[in-house]
Amino acid sequence: QYHTLEPDWDLIAAIEKLLSNHMFNNVTFHWIAAHEDYKRDYKILSLPAQLNVDADALASRIQRYPKTERYWKVPLSPSCTTHLDINQKTITSGYKSKIRRTRSYEPLYSYITDKDKWASNVMETIDWNLHKQGIQNKYTQRQHYCKLVHDLLPTNATVH
C-alpha cells in the first residue's frame, strides 16, 4: 500500500513494481553519499559515486532551462493511474500547500491590481521567481513579508 500524499510516491510505486520482476532478484542497493566530489577529486571516486555526481549535474542542468523548455506534465504509468495537475504541471509533493496557493493567486492578483490601479498585464511583467527567492530565505516571516510588500498589514486605520 502506498501513501499517495508522500512526495514522489508514484516513482516509488513504479520502482517497486519493476523490482518485483524476477529478473531483478539479484539486485542489491547501496546508499551513495551526495556531493562526494566536494571533498575528493572526481577521478578518484568510485564508479557509483561518479555516477551519482553525474546524475546530480544532469538534475542541476535541467533546473537552468527556461520554464518553457521544461516538460512539467508527468505521463501516467501502470503503477500510478492518477495524479494531480495544476496549470499544466504535475504536482508530485506538497499537495495541500500547492492547492491552497493556486486557489489564492487569482484573488491576490486581483487585489494587488485593483489596489495599485495597474493595467491587467502589469502582473505579467513581475519576475515572480525573483520575488519568491527573496522571500524564501525569510521562511518564518514569509506571511508578514508578503503583507508588508502588498500593503496588507493591519494599522491603526485599517484592520483586515
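Because the structure is predicted, anything quoted here is derived from the model rather than measured.

Novice: Just give me the short version of the overall build of the chain, but keep the residues and values in it.
Specialist: A count of helical and extended segments in the chain gives 6 helices and 2 strands. In the chain, the succession of α and β elements from N to C terminus is α-α-β-β-α-α-α-α. Of all 160 residues assigned to the chain, the portion counted as buried reaches 13%. Across the chain, contacts joining residues at least 24 apart in sequence account for 29% of those joining residues at least 6 apart. Accessible surface, the chain as shown: approximately 13,400 Å² in total, 56% of it carbon and sulfur.

Novice: Explain the side chain of Gln50 to me, using residue names and the numbers behind them.
Specialist: Looking at where Gln50 falls in the secondary structure, it is placed in helix 2 (residues 47–64). In this view, Gln50 contacts Tyr42, Lys43 and Leu45; residues no more than four positions away in its chain are not counted.

Novice: Can you explain a positive patch on the surface? Please cite residues and give values.
Specialist: Together, Lys89, Lys96, Arg100, Arg101, Lys132 and Arg142 make up a positively charged patch on the protein surface. Element by element, the count of residues in the positive patch is highest for helix 3 (residues 95–115), at 3 residues. Topologically, Arg101 is positioned in helix 3. According to the relative accessible area criterion, Arg101 is partly exposed, its value standing at 38%.

Novice: Tell me what's going on with the pattern of salt bridges, and back it up with residues and numbers.
Specialist: The tally for this structure, following the rule as stated, stands at 2 salt bridges. Here Arg40 ties to Glu36 by a salt bridge, and the two come within 2.6 Å at their closest N and O atoms. When its relative accessible area of 42% is taken as the criterion, Arg40 is described as partly exposed. The salt bridge partner of Asp116 is Lys115, with a shortest N-O separation of 2.8 Å.

Novice: Report on the packing of aromatic side chains, specifying residues and quantitative values.
Specialist: The final tally for this structure, using the stated rule, is 1 aromatic pair. A ring pair is formed by Tyr105 and Tyr109, whose centres lie 5.8 Å apart and whose planes are at 20°; its orientation type is stacked. Pair noted here: Tyr105 and Tyr109 are both in helix 3, with a separation of 4 residues, about one helical turn.

Novice: Report on the side chain of Glu36, specifying residues and quantitative values.
Specialist: Tracing the chain through its elements places Glu36 in the loop between helix 1 (9–19) and helix 2. Setting aside residues up to four positions removed in sequence, Glu36 forms contacts with Leu45 and Ala49.

Novice: Provide a residue-level description of unusual backbone geometry, including the pertinent values.
Specialist: Positive phi, normally seen in glycine, also occurs at His35, with a value near 55°. Turning to its location among the elements, His35 is positioned in the loop between helix 1 and helix 2. Unlike most non-glycine residues, Lys117 shows phi in positive territory, near 55°. The topology assignment puts Lys117 in the loop between helix 3 and helix 4 (122–125). When its relative accessible area of 72% is taken as the criterion, Lys117 is described as exposed.

Conventions used here
Residues numbered from 1 in each chain as written. Predicted model: local features only at pLDDT ≥ 70, side-chain atom pairs only at ≥ 80, totals over all residues. Heavy atoms only, no water. Helix = DSSP H or I, 4+ residues; strand = E, 2+ residues; numbered from the N terminus. Buried < 20%, exposed > 50% of the residue type's maximum accessible area, 1.4 Å probe, protein only. Contact = heavy atoms within 4.5 Å. Areas by Shrake-Rupley, 256 points an atom, 1.4 Å probe, with all protein chains shown as cover. Patch = residues over 30% accessible without salt bridge, like charges linked within 9 Å, V, L, I, M, F, W, Y side chains within 5 Å. Salt bridge = Lys/Arg side-chain N within 4 Å of Asp/Glu carboxyl O. Lys, Arg positive; Asp, Glu negative; His and termini not counted. Charge placed at Lys NZ, Arg CZ, Asp CG, Glu CD. Phe/Tyr/Trp six-rings, centres within 6.5 Å; stacked < 30°, edge-to-face > 60°.

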